[in-house]
Each structure stands twice: as C-alpha cells, then as structure tokens.
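Spelled out, the chains give:
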Amino acid sequence: MTAELAEVTIEQLQEDMAAGARTAAGIAEGYLAAIEAVDGALCSVIETNPDALAIAEQMDGERAAGQVRGPLHGIPILLKDNIDTDDRMQTTAGSLALLGSRPARDATVAAGLREAGAVILGKANLSEWANYRSSKSTSGWSARGGQCRNPYDFSRNPGGSSSGSGAAVSANLAAAALGTETDGSIVNPSGACGIVGIKPTVGLSSRAGVIPISHTQDTVGPMARTVADAAAVLGALTVADERDAATASEGRKVHGDYRQFLDADGLRGARIGVARSGVSGYDEATDVVFEEAIRAVRDAGAEVVDPADIPTVDGKRMGECERIVMRTEFKHGIAGYLATRVVVDAALAQPRSLADLIAFNEAHAEQELALFGQEQFERSQESGPLDGEVYLEALAAGQRLAGVEGLDAVLDEHGLDALIAPTGGPAWPLDPEEAGDAVHGGSSRFAAIAGYPLVTVPAGFVAQGAGGGAGSALPIGLTFMGRAWSEATLIRLAYAFERITQVRRAPELGR
C-alpha cells in the first residue's frame, strides 16, 4: 500500500477532493500502483479496469463543474468477479469456462455504483464459482486468479468466497469492495481479514447480473475498513429492480443513505442477546475475544441478555434443507444466467448449462480440477425441478427453522435489538498437500437461510505460533444479526462498537 492511502476513509477522501488536496485520478493511480506493487503475492485482484483512470478523470471534471453525485463520487471500488460489468473487463466467477463470452450489460449494483460516481477499479479474486463447485474446495482459489492469501499472514486463508474483496480492502488496495453472500461469503472473509462486512437482507440489493447460487439466499453487500465506509457504499445498492423480483418484496425497507444511522452512542439502551450454543465455544482464543467484546457492549450502555440462544440451533434438518435448496436453485439459476452471456470468441466453447460447465471442467481438468473436484456441481445436476415436492418442502422448512422458529423467536422472546456472536475463528492455514478448508466455526447460517442481514466488525486479534507465521496476529470479527430489513439498527450498533473498541489495524502484508 502507499503511505498516503493507508487506512484512509471515504469521508477523508471526499474532504481532500473538496479541498483540492487530492483528485479522483490521483487516488485511482495510487490504488493501482499499490495493486501493482504488492498484489503479486496476495493474489486478491484478478484484473484492474483499463478505463479506471478515464472514469476518475471524468469525475474530476464533474467536480470542477460543481457537480458532486454523492459520497462515492470519485471513490475507487473493487467488484467481486461474479458481478457483471459491461466494459473491457471479464466476469468469470474465477473460472476459465466463461472466458470467451461477456455480459450483455452491467449488473444492477455495478450500474448503481457508476451512477453514484464510483470508479470501478477492477475485479477481485474469489473462491471459484463462489465456493459452490466442491465440498472440498480451498477458499480463495480460482483457476483464473490463483490462490488469494490472508494479508495478515500469507500462509493463512483469507476466507471465502469473497476472498479477494476482503484481502484487497484490508491491504488498502481499494477504498471498498463489493462481495456476495449465499452463506458466509461476505462475513467470513471480512472477519478473517479484519474488516467490516454488511450482508444485506435478501432483496435489499439486486442480484440481476450476478452469477447465482441461490435466488432465495444470494445477496450483494459492501466490504470496507470502517462501518461508515460500508454504510456509504450500501446506500448505492438499494435501487428496486424489475430484473430481480426480490427487490419488490413485501415489507421491503431501504434507505438511500445509511450514514444517517451512524451513532457513536448507539449501543446505549439497546438490548443485545449473546448467542452461544452452536455459534461459539469452538476455539479458545476466539472465545477470549468474544468475552471481551461482550464486556465492551455492556460498558457502552447496552443491556446484555446472556445467553440468548437460537432455539433451533441444535437441529440437523435446517442444514439438510439448505443443501437441497442450493443444489436445486443453482442448477436452474446458472442456466438462466448463462443464457444472458454474449459470445465474443466463437472458437471457444460457450457453456449454456450446468452440464456444459461440468464437461468443460473435465476437459480442462489439469487447470480446473487439479486441487479439488466438482462434487457440488454433480449433485446439483442430479437435483429435481423448482416445483418439485422435495425442493418446496425443504425451502419452507429451512426458512421456518432459521427465521420464525429461529432468529425471530429468540429476538421476540427477549425483546432484543440484535444478537451477537463470533463471526468465525482465526484464519486457517493453507495446506497445499490437502484440499479443503479447516474452518473454525461460524454464525452465518441462520441469517443466510432466513434471508436476514448481518454486520461483522473487527473485535480483536489472536496470536498464532508455529504454522501460522511465528507470532502472527490474526483478526477475529464480531457479528451483529437481526430481523429482516434491520440494516439501520445493525449499522448503528456496529458503529458504536467500532468507535469504542478501535480494533482495526492494517496488516503488515504477510510478514
């Protein structure tokens, strides 16, 4: 990273541009130089936007003419490489299979960022196909981008699937990034990389033009170094979209500017439940950070209900339902998405179905299947129709267990504003001899299946000994979870926690 951009906030960048101390072009040049200097080892950015400087210069021209579009005017933002852009960049989900075709138009969230004046800086690496190809995959790896690494310790995993978005933002290679989440893919890498991540309610942000997994669980959200920066980005993602029926959901409650909910005293008087059973207790060092976070919440004036466990946490049915739903929806959703791609190289095979993707991987096994297989793809290919009894029963049961009988039940029972839990354990080692992730727990599943929001914020660090880079300190995140459309409340609570704890510190890039 360049010293002048280290840990700089979006608000600071806007103040500097307003004062003439910086230009959007200069900011973009600084981040591009930082990517060039350090990302060869980090592997967080698949490609930079060849038009980034031209866009930044256009934003400078508008500012000089007295037109400032809003808080993102001239701000460089990375997009996860499963978000369509109608420009000179690729959109591939990290897979070689999508080279040779291109999106016909911007994803709605990408168009929203452009309208807000943001500079789309490039595409971030990710777990290939958003980590849905194999049950033994290694998070952060894609055939196109290679293995993304944790910026605090290059021998550790950055978490997935929005791996590059988390690692790049943490390493100060962009002001912010967009990630996507089906179950944990924003909050997990945000926690592992020591940044803030907002996983919105399903339907707050459009998924049109986003390579899908599950239309009932997928969502797009911001990843940033501060809650204020994430809130600024979130406001640009809330446009209702005729291409995504979820954005017309009954009861949809969104705001054009979430910065209005930033309150340094926002925990005072709040009722916060401590979720323990099933979502903590899996790692001793993480538990120490969690207990310190609970004390900080209480010291900030919140009324803490401890424990406030989710009633359905011990059941297996919810996880079974999620697997059925995701397999079924992916098979049909990916075919619908592939039909939108425009062929630009007739000499290359153009996949139009999940079966085509499976065949492509088999034909290119040396590049695609050398580290792990495609069991998830194969199981999904065997799944039934969207109007089938097995799918419909699983969908209804999963949402009931996660929502009405799960999160809603515990929030209602104790009259809570939110629950807190560790986002996950410390980043796990990258083991080239063994495929798969050694994940240390997590707390994302209930909100994922119910379609509810999460906000994760840095809560502390744990020291690691041999095997993790001698003496390296790895971040731990604290997740705030709430009801559908409660982003405003969660942002207020997370911001207050961030302000009183001031945990975030920049990585030393692998040590």
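Numbers given to residues run from 1 along each chain, matching the order in which its sequence is written. Where local features are concerned, this predicted model is filtered to residues with pLDDT of at least 70; where side-chain atom pairs are given and counted, the filter is 80 or more; whole-chain, interface and lining totals use all residues. Working from all heavy atoms in the structure, the side-chain values ignore hydrogens and water.

**A word on the packing of helix α8 (residues 227–234) against helix α16 (residues 487–501)**
Viewed as axis vectors pointing N to C, α8 and α16 meet at an angle of 160 degrees, and their least axial separation amounts to 9 Å. Of the possible angle classes, the one that applies to α8 and α16 is roughly antiparallel. Of α16, the residues touching α8 (which contributes V227, A228, A231 and L234) are E487, I491, A494, Y495 and E498. Among the residues forming the contact of α8 with α16, the class breakdown is 7 nonpolar, no polar and 2 charged. In this description, a line fitted to the C-alpha atoms serves as the axis of each element, helices being fitted only across the stretch in contact, and the angle between N-to-C directions of two axes falls anywhere from 0 to 180 degrees. The numbering of helices and of strands both runs from the N terminus, where a helix is a DSSP run of H or I of at least 4 residues and a strand a run of E of at least 2. Oblique is the label for every angle not falling under 35 degrees (roughly parallel), over 145 degrees (roughly antiparallel), or within 65 to 115 degrees (roughly perpendicular). Contacts between residues were defined by any pair of non-hydrogen atoms, one from each residue, lying within 4.5 Å. Classification convention: Asp, Glu, Lys, Arg as charged; Ala, Val, Leu, Ile, Met, Phe, Trp, Tyr, Cys, Pro as nonpolar; all other residues, Gly among them, as polar.

**Quick word on empty space enclosed by the protein**
Regions of empty space are outlined by a rolling probe, equal in size to a water molecule, passed over the atoms. The way it works is a 1 Å grid over only the protein atoms, where trapped points that fit a 1.4 Å probe form a cavity and open points with protein on both sides within 12 Å along at least five of seven lines form a pocket, and then any residue with an atom within 4 Å of a point lines it. Grid points are joined across faces, edges and corners, and a volume is the space filled by probe spheres set on the points. One pass over the full model with this rule turns up 3 cavities of 30 Å³ or more. Volume-wise, the largest cavity comes out at about 90 Å³. As for the largest cavity, its lining consists of 15 residues, of which N188, A192, T423, G424 and G425 are closest to the centre. Taken together, the elements giving at least two residues each to the lining of the largest cavity come down to α7 (187–192) and β15 (473–481). Counting residues per element, the lining of the largest cavity draws most heavily on α7, at 4 residues. Here the lining of the largest cavity is built from residues that sort into 7 nonpolar, 8 polar and no charged. Roughly 40 Å³ of volume is contained in the second largest cavity. In terms of lining, the second largest cavity is formed by T216, Q217, C321, E322, V325, A394, L395, G398, Q399 and I449. Those elements that place two or more of their residues in the lining of the second largest cavity are α10 (317–338) and α14 (389–414).

**Quick notes on the nonpolar core**
L72, L113 and F497 are the most contacted members of the largest nonpolar core, which has 98 residues in total. Of all the elements, helix α2 (residues 24–42) adds the most residues to this core, at 8 residues. Residues contacting L113, with those up to four places away along its chain left out, are L72, I77, L79, A118, L178, V233, A236 and L237. Definition used in this section: a nonpolar core is a set of buried Ala, Val, Leu, Ile, Met, Phe, Trp, Tyr and Cys residues joined via side-chain atoms within 4.5 Å. When accessible area is computed with a 1.4 Å probe and restricted to protein chains, residues below 20% of their type maximum are described as buried, those above 50% as exposed, and intermediate ones as partly exposed.

**A closer look at the pairing of strand β9 (residues 219–224)**
Of all 6 residues that make up β9, 6 are buried, and the element is covered over most of its length. Criterion used throughout: strands pair if DSSP finds at least two bridges between them. Here strand β7 (residues 176–181) pairs with β9 via 6 bridges, running antiparallel. Across the sheet, the residue bridging to L178 is P222, located in β9.

**Describing the confidence of the model for the protein**
Regions with low pLDDT should not have their predicted coordinates read in detail. Across the protein, the average pLDDT comes to 96, with 98% of residues at 70 or higher. Each residue gets a pLDDT score, which is the predictor's confidence in that residue and runs from 0 to 100. In this model, residues 466–471 is a region of pLDDT below 50 whose contacts with residues beyond four sequence positions or in other chains number 15 contacts.

**Thoughts on the sheet that holds strand β14 (residues 454–463)**
Strand order in the open sheet formed by 11 strands is β1-β4-β2-β7-β9-β8-β14-β15-β13-β10-β11, with mixed pairing between adjacent strands. Two strands close off the open sheet at either side, each with one partner strand: β1 (45–48) and β11 (303–305). Sheet twist, expressed as the average angle between the axes of neighbouring strands with direction ignored, equals 30 degrees. As judged from the 4 bridges shared by strand β13 (residues 418–422) and β15, these two strands associate in the antiparallel manner. Each residue of the ladder has a partner; that of L419, found in β15, is M481. In the packing of helix α4 (residues 108–115) onto the sheet, contacts are made with β2 (76–80), β4 (119–124), β7 and β9, and the angle to β2 comes to roughly 175 degrees. In the packing of helix α6 (residues 163–170) onto the sheet, the strands contacted are β1, β2, β4, β7 and β9, and the crossing angle to β7 comes to about 155 degrees.

**As for α8**
Of all the 8 residues making up α8, 7 are buried; the element is thus mostly covered by neighbouring parts of the structure. Among the residues of α8, those classed as buried are V227, D229, A230, A231, A232, V233 and L234.

**Brief notes about the layout of surface pockets**
There is about 1,100 Å³ of room inside the largest pocket. Surrounding the largest pocket, 40 residues form its lining, D183, G184, E322, S444 and R445 being those nearest its centre. For the lining of the largest pocket, the secondary-structure elements that each account for two or more residues are α5 (128–131), α7, α10, α13 (375–381) and α15 (445–450). Examining the composition of the lining of the largest pocket, we find that 6 residues originate from one element, α10, more than from any other. In terms of lining, the second largest pocket is formed by 29 residues, of which the most central are R207, A208, G209, V210 and P212. Among the elements of the structure, β7, β9 and α10 are those that each provide at least two residues to the lining of the second largest pocket. Here the lining of the second largest pocket gets 4 residues from one element, more than from any other, and that element is α10. Of the residues belonging to the lining of the second largest pocket, the class tally is 11 nonpolar, 10 polar and 8 charged.

**Quick notes on the pattern of salt bridges**
Here a salt bridge means any side-chain nitrogen of Lys or Arg lying within 4 Å of a carboxyl oxygen belonging to Asp or Glu. Evaluation of the coordinates by the stated rule reveals 21 salt bridges. The residue R504 makes a salt bridge to E7 at a minimum N-O spacing of 2.7 Å. Remark: E7 occurs in the segment before α1 (10–19) and R504 occurs in the segment after α16; sequence separation between them is 497 residues. A relative accessible area of 28% means that E7 is categorised as partly exposed. D81 is the partner of R144 in a salt bridge, and the nearest nitrogen-oxygen pair spans 3.2 Å. Of this pair, R144 sits in the loop between β5 (141–142) and β6 (146–147) while D81 sits in the loop between β2 and β3 (101–103), placing them 63 residues apart in sequence. A relative accessible area of 22% means that R144 is categorised as partly exposed.

**Some points on the side chain of K199**
Secondary-structure assignment places K199 in strand β8 (residues 196–199). When charges are tallied, Lys and Arg are placed among the positive residues and Asp and Glu among the negative ones, while His and the ends of the chain are skipped. One buried charged residue, K199, remains without a salt bridge, the closest side chain of opposite sign being E181 at 5.4 Å. Each polar contact in these results corresponds to two N or O atoms within 3.5 Å; when the atoms are within protein, one needs to be able to donate a hydrogen and the other to accept it, and residues that are neighboring in sequence are counted only if both atoms are side-chain atoms. A distance of 3.0 Å separates a polar atom in the side chain of K199 from the backbone oxygen of A447. Contact partners of K199, with chain neighbours within four places excluded, come to E181, I186, V187, T219, A447, A448, G451, Y452, P453 and L454.

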